[in-house]
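These are the residues of each chain, in order.
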There are 2 protein chains.
Amino acid sequence: MTDRTLEELGEFGWIGTLRRRLRAGVGVRVGIGDDAAVVRAGRREILLATDMILEDRHFKRAEAEPEEIGRKALAVNISDMAAMGARPTYAVVALGLPARLRESYLRRVYAGMERLARQTGVSIVGGDTNRSDKLVLSVALMGESYGPRAVTRSGARPGDVIFVTGQLGGSYRSRKHLNFTPRLKEARYLVEKHGVRAMMDLSDGLGSDLRRLCQESGVGARVSASAIPVSEQAKDVREALTDGEDFELLFTLPPRRAARLTLDARARGADWAPFHPVGRIVDRKYGLRLVRSDGSMEPMPGGYDHFGGGS
Amino acid sequence: MTDRTLEELGEFGWIGTLRRRLRAGVGVRVGIGDDAAVVRAGRREILLATDMILEDRHFKRAEAEPEEIGRKALAVNISDMAAMGARPTYAVVALGLPARLRESYLRRVYAGMERLARQTGVSIVGGDTNRSDKLVLSVALMGESYGPRAVTRSGARPGDVIFVTGQLGGSYRSRKHLNFTPRLKEARYLVEKHGVRAMMDLSDGLGSDLRRLCQESGVGARVSASAIPVSEQAKDVREALTDGEDFELLFTLPPRRAARLTLDARARGADWAPFHPVGRIVDRKYGLRLVRSDGSMEPMPGGYDHFGGGS
């Protein structure tokens, strides 16, 4: 057995290893590998997600307000729930805290978290605090599916139209990576009104996240470079595809439903993120390709890997 | 407002602040301040707990096998569920991992966690991995109450007999802090057969944990020094009360039920932790006292505080 470092292996490599090791238990519909686990079936499904953010990896204390850090720790989890087509419900918060941190600082971290919790109907119900050299925030969030079933990454089929919400790229430059709005109302609308087929949130960049969605669904995709909604803060399409931390939704709909979505006026509320069609799902044998406006095709640029390995 | 560092404030001070700040939401029966949150009522209650363990705080990589570290990260959460009278069900695992960690090391961390998961009926359903300078493991665990209601810390009443399971103290010396057995079957038995009134697990030492139970229940307690089951690895009663990381159960029963427990043979299976009566719950006005064998009383020694402040 080769024994690579995690840097060499890359995060996706490790997730693959994990999935082979951990068999889903009784009552588990979706285990490791999606935005959240789906753990109980009933009239609604119950979901469980967790995300950890670490000082000097996901934020720098000198560059972010404490409210922003607290907010982000919860927001990334809420974004996971949105991506699964689920309403977030209860959160627990485990913290690693430097001993010299001020109480006022920690109060501000919580204030940011609580404000978002109130806005999104989440109750922060418990937690754990520990001393740590660096600030670590690990939130676990429960949720309940809007529909009878949560939406996974594995439902995309050839012919589906691929959509993203909002603008992509430049998230660090614009501070959107701290202040993004989890796309809860858009997700609910997509689930309840349009029967979205596959969905995930964009955390590592469309390039690598769409690759994951395609792998899970057993399909390929063609993305039109000119259709990518490049944010003002991103330099070009490549950055829009690879910067990461967009926290927008990526989803697919069969063609008729896609047309209906595009026509539906309710999708165009002033405070709603716009829905942009960016490509089509194709048979797996065609792979994942970026189509330039001259019709030439190239492999999709990769994305961000948490261990710094290529993907 | 004074702005203390967390070291000055102490963990309990901070938990008090948090509880005043965060109001319990709709459907939340028990929020911050118990071993787990109780978030839904039905035929059974659903619980959610989280605990983070950090390298060089809760373990040293040079002194613990990777299997032990993984096992402990899950075990502390299972112990919280046992303490609430709940069966653990689904876990998510957020990890902070040094980039130079070997894949084989991480496999062993998971092997320790999975083994305990299988033994206790837990499904590990998801997680999150990030790069970090030091190894951080944050587990969140769902559970379901054995009885119609989870058992909290607030149910103790004057006259109740106070019990602990197993032996106390010396947990670091004996490596019990890594290899302890969460008291699940004992907890289930106490809930289903004996109607235990208040319960928590001993993580910071009986001295400080009993103080918390008394505060939550609005009572006082007298503990008999000679009744404390001092482990072989603890030097004396003081260490047994203050070492921390025992992960035994602390619980109370009214006198008749206490007598019944003591007589009940089923409690004495060879692989069961013994139940030791150690004192009585008294009116709050009598405070929390340790009674020596000569009848003299002294204040209960404190316990371990996660930020190093006195308690």
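On a predicted model such as this, the values are computed, not experimentally measured, just so you know. (Residues numbered from 1 in each chain as written. Chains lettered and ligands numbered in written order. Predicted model: local features only at pLDDT ≥ 70, side-chain atom pairs only at ≥ 80, totals over all residues.)

Peer 1: Even after reading the chapter, I still don't get the interface of chain A and chain B, so can you show me in this structure?
Peer 2: In many analyses, interface size is given as the accessible surface area lost on bringing the parts together. The interface of chain A with chain B comprises 58 residues on the first partner and 58 residues on the second. Elements with a contribution of two residues or more to the side of chain A that touches chain B: helix H1 (6-9), helix H2 (11-21), strand S1 (37-40), strand S2 (46-54), strand S3 (86-97), helix H4 (103-120), strand S4 (123-131) and strand S5 (136-145) of chain A. Per-element accounting of the side of chain A that touches chain B gives the leading share, nine residues, to S4 of chain A. Grouping the constituent residues of the side of chain A that touches chain B by class yields 28 nonpolar, 15 polar and 15 charged. (Contact = placed C-beta atoms within 7 Å. Helix = DSSP H or I, 4+ residues; strand = E, 2+ residues; numbered from the N terminus. Nonpolar A, V, L, I, M, F, W, Y, C, P; charged D, E, K, R; others polar.)

Peer 1: Honestly, the environment of Gly-96 of chain A in this entry has me stumped. Any pointers?
Peer 2: Among the structural elements, Gly-96 of chain A can be located in strand S3. Taking the C-alpha atoms as reference points, Gly-96 of chain A and Met-81 of chain A, 15 residues apart in sequence, are found 24 Å from one another.

Peer 1: I would appreciate a short explanation of the relation of the copies chain A and chain B in the present structure.
Peer 2: Of the transformation placing chain A onto chain B, the axial shift is 0.0 Å and the rotation is 180°, giving an RMSD of 0.0 Å. Here the copies are linked by what is in effect a two-fold axis. Taken together, the interface assignments show that 100% of the residues at the interface of chain A recur at the interface of chain B, consistent with an identical surface on both copies. (Least-squares fit on C-alpha atoms with pLDDT ≥ 70 in both.)

Peer 1: Could you clarify how one ought to interpret the sheet that holds strand S11 (residues 288-291) of chain A in this entry?
Peer 2: Residues and elements named next belong to chain A. Taken in spatial order, the seven strands of this open sheet run S7-S9-S6-S10-S8-S11-S12, and their pairing is mixed. The open sheet has two free edges, formed respectively by strand S7 (198-201) and strand S12 (297-299), since each of these has just one partner strand. Taking the axes of each pair of neighbouring strands and ignoring which way they run, one obtains an average angle of 30° across the sheet. With three bridges connecting them, S11 and S12 associate as antiparallel partners. What sits directly across from Leu-290, in S12, is Glu-298. (Pairing = 2+ DSSP bridges. Axes fitted to C-alpha atoms, helices over the stretch in contact; angles between N-to-C directions.)

Peer 1: How should the pairing of strand S3 (residues 86-97) of chain B be read in this particular structure?
Peer 2: Residues in a regular strand project their side chains so that they alternate between the two faces of the sheet. All names here are of chain B. For S3, a buried count of 12 out of 12 residues is recorded, marking the element as mostly surrounded by other parts of the structure. Here nine bridges tie S3 to strand S5 (residues 136-145), and the two strands are oriented antiparallel to one another. Residue pairing for S5: Ala-86 is matched across the bridge by Ser-145. Both S3 and strand S4 (residues 123-131) contribute to a ladder of eight bridges, which runs parallel. (Buried ≥ 20, exposed ≤ 12 C-beta atoms within 10 Å, placed from the backbone.)

Peer 1: Even after reading the chapter, I still don't get the environment of Gly-244 of chain A, so can you show me in this structure?
Peer 2: Note on placement: Gly-244 of chain A falls in the loop between helix H9 (237-242) and strand S9 (249-253). On a C-alpha basis, the gap between Gly-244 of chain A and Gly-218 of chain A in space is 23 Å, while along the polypeptide they are 26 residues apart.

Peer 1: Can you help me understand the sheet that holds strand S10 (residues 275-282) of chain B in this one?
Peer 2: Within a sheet, neighbouring strands are paired by backbone hydrogen bonds and run either parallel or antiparallel to one another. Residue and element names in this part refer to chain B. Read from one edge to the other, the open sheet built from seven strands follows the order S7-S9-S6-S10-S8-S11-S12, with strand pairing classed as mixed. The open sheet is flanked by strand S7 (198-201) and strand S12 (297-299), the only strands paired with a single partner. If you compare each strand with its neighbour and ignore which way they point, the axes differ by 30° on average.

Peer 1: Would you take a moment to explain the domain arrangement of chain A for this structure?
Peer 2: Residue and element names in this part refer to chain A. According to the domain assignment, chain A consists of domain 1 (35-145) and domain 2 (161-299). A C-alpha centroid distance of 24 Å is found between domain 1 and domain 2. Listed per partner, the contact involves 13 residues of domain 1 and 14 residues of domain 2. Here the side of domain 1 that touches domain 2 takes eight residues from helix H3 (residues 66-83), the largest share from any one element. (Domains from an automatic or database assignment.)

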